[in-house]
Amino acid sequence: IMPKVCQDCGERNAALKRPKTGAAVCQECFFLAFETEVHETILENNLFERGDVVAIGASGGKDSTVLAYVMKLLNDRYDYGLNLVLLSVDEGISGYRDDSLETVKRNQQQYSLPLTIVSYKELYGWTMDEIVAVAGRKSNCTFCGVFRRQALDRGATMLKVGKVVTGHNADDVAETVLMNILRGDVARLQRCTNIVTGAEGDLPRSKPFKYTYEKEIVLYAYYKKLDYFSTECIYAPNAYRGHARTLLKDLEKIRPSAIIDIIHSGEAMAVKETVSTAVQGKCIRCGYMTSSDLCKACLLLEGLNKGMPKLAIGKKIHAAQLRAMDGDATARPTTSDQVAAGSVSYSVGVEEAKTAPSAPPARHVANDW
């Protein structure tokens, strides 16, 4: 059988079939198409301006590793004029994050980019291993997701960067659309397809890989022989997102364009004006963006520090009950400026909470709501 010729250049033999388009292409044409599509996404959405200091969220996984490589490549090739830095979050997951951070440190050497690592322990006084020990595995991804988003922003604030980019790809965005539809979360459904979030604040966060298929990221990393960490988080199998991912993969097998189709549907979805959506404000304790008086991170910490982690997850009435225990939602006030300056820690009262007598067993029951 004669080898198939690349459909793009018509000269070299095809090395792979693109998951996104189905075209049989050679390695060189695949690299160029991949990089050009990301470049066009950046330009069409005006993600950066010359002189921007941009923090790349680096976990050591395939997405962030390829993102760091491609951002540096495009910055040099097209003269974006960006100052790129790597920013990593250490969640404190033994046997997973400590190993992946070693990959990030190697990437820092390979790409010659400065690296900063912030940790849950430093910011919040808790590691994920400690949180799972008291909160269980059913809701651990809620804690980690909330804390990780804030940790990236806190780290970026400390570094005084102007923008953050993350490796969220087309599959991630489509999964989020499906999750919000299944949960009936109209507020998040409105903004989950935005390529830039937090634009109304001081620290915009963007997704250059918004239209990039996960399979193509894997192929790019494989053929480029990039150094990345491929082990899944030990707590991830219990995540709700996994069900949306399984559904999306099944749809992709039948119709490869399903991923982009779902994203475009999410972008085009209109919400009736009669539907009430939350108004973004600032947390009275830490100054972080929130639609309530206390942001989700402060509320989750309140539950952890009071020995009632599960009460911080779920309905608003449970959050109110949690704060009513001490009668003061503004206790231990903290501003974002104080956190950035390192003059105050989120972990105030944590050690006392860990050494305090545990709450009555009945108060730890979460599934009787």
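Remember, it's a predicted structure, so these values are computed and weren't measured experimentally.

Rules of the game
- Residues numbered from 1 in each chain as written.
- Predicted model: local features only at pLDDT ≥ 70, side-chain atom pairs only at ≥ 80, totals over all residues.
- Heavy atoms only, no water.
- 1 Å grid on protein atoms, 1.4 Å probe; cavity = no way out; pocket = protein on both sides within 12 Å on 5 of 7 lines; lining within 4 Å.
- Points joined across faces, edges and corners; volume = space filled by probe spheres on them.
- Helix = DSSP H or I, 4+ residues; strand = E, 2+ residues; numbered from the N terminus.
- Nonpolar A, V, L, I, M, F, W, Y, C, P; charged D, E, K, R; others polar.
- Pairing = 2+ DSSP bridges.
- Contact = heavy atoms within 4.5 Å.
- Axes fitted to C-alpha atoms, helices over the stretch in contact; angles between N-to-C directions.
- Phe/Tyr/Trp six-rings, centres within 6.5 Å; stacked < 30°, edge-to-face > 60°.
- Buried < 20%, exposed > 50% of the residue type's maximum accessible area, 1.4 Å probe, protein only.
- Lys NZ or Arg CZ within 6 Å of the ring centre and 35° of its normal.

Let us now look at empty space enclosed by the protein. Considering all chains together, one arrives at two cavities of 30 Å³ or more under this definition. Approximately 40 Å³ is the volume found for the second largest cavity. Lining the second largest cavity, in full, are A58, S59, G60, S64, T65, A68, L86, V104 and N107. Only α2 (62-77) and α3 (97-111) provide two or more residues apiece to the lining of the second largest cavity. Counting residues per element, the lining of the second largest cavity draws most heavily on α2, at three residues. For the lining of the second largest cavity, the residue count by class is four nonpolar, five polar and no charged.

Let's shift gears to the sheet that holds strand β6 (residues 163-165). Pairing is mixed in the open sheet, where six strands are placed in the order β5-β4-β3-β6-β8-β7. Edge strands, defined here as strands with exactly one partner in the open sheet, are β5 (115-119) and β7 (196-197). For strand β3 (residues 53-57) and β6, the ladder comprises three bridges, and the chain directions are parallel. Bridge pairing in β6 places A55 opposite V164. Lying on the sheet, helix α6 (residues 140-159) is in contact with β3, β4 (83-90), β5, β6 and β8 (205-206); it crosses β4 at an angle near 135°.

Here we come to the packing of aromatic side chains. This model, assessed by the stated rule, comprises 15 aromatic pairs. A ring pair is formed by F34 and Y220, whose centres lie 4.4 Å apart and whose planes are at 20°; its orientation type is stacked. Of this pair, F34 sits in helix α1 (residues 27-44) while Y220 sits in helix α9 (residues 214-224), placing them 186 residues apart in sequence. Both residues of the pair, F34 and Y220, count as buried. The structure contains a cluster of three or more aromatic residues connected by ring pairs, namely F30, F31, F34, Y69, Y111, F209 and Y220. Seen from the ring of F31, K224 lies directly overhead, with NZ or CZ sitting 4.4 Å from the centre.

It is worth spelling out unusual backbone geometry at this point. Backbone geometry at N46 places phi at a positive 45°, although glycine is not the residue there. For N46, the position within the fold is in the loop between α1 and β3. The phi angle at K225 is positive, at roughly 55°, despite the residue not being glycine. As for its position among the elements, K225 is in the loop between α9 and α10 (241-254). Look at K225 and you get exposed, because its relative accessible area is 72%.

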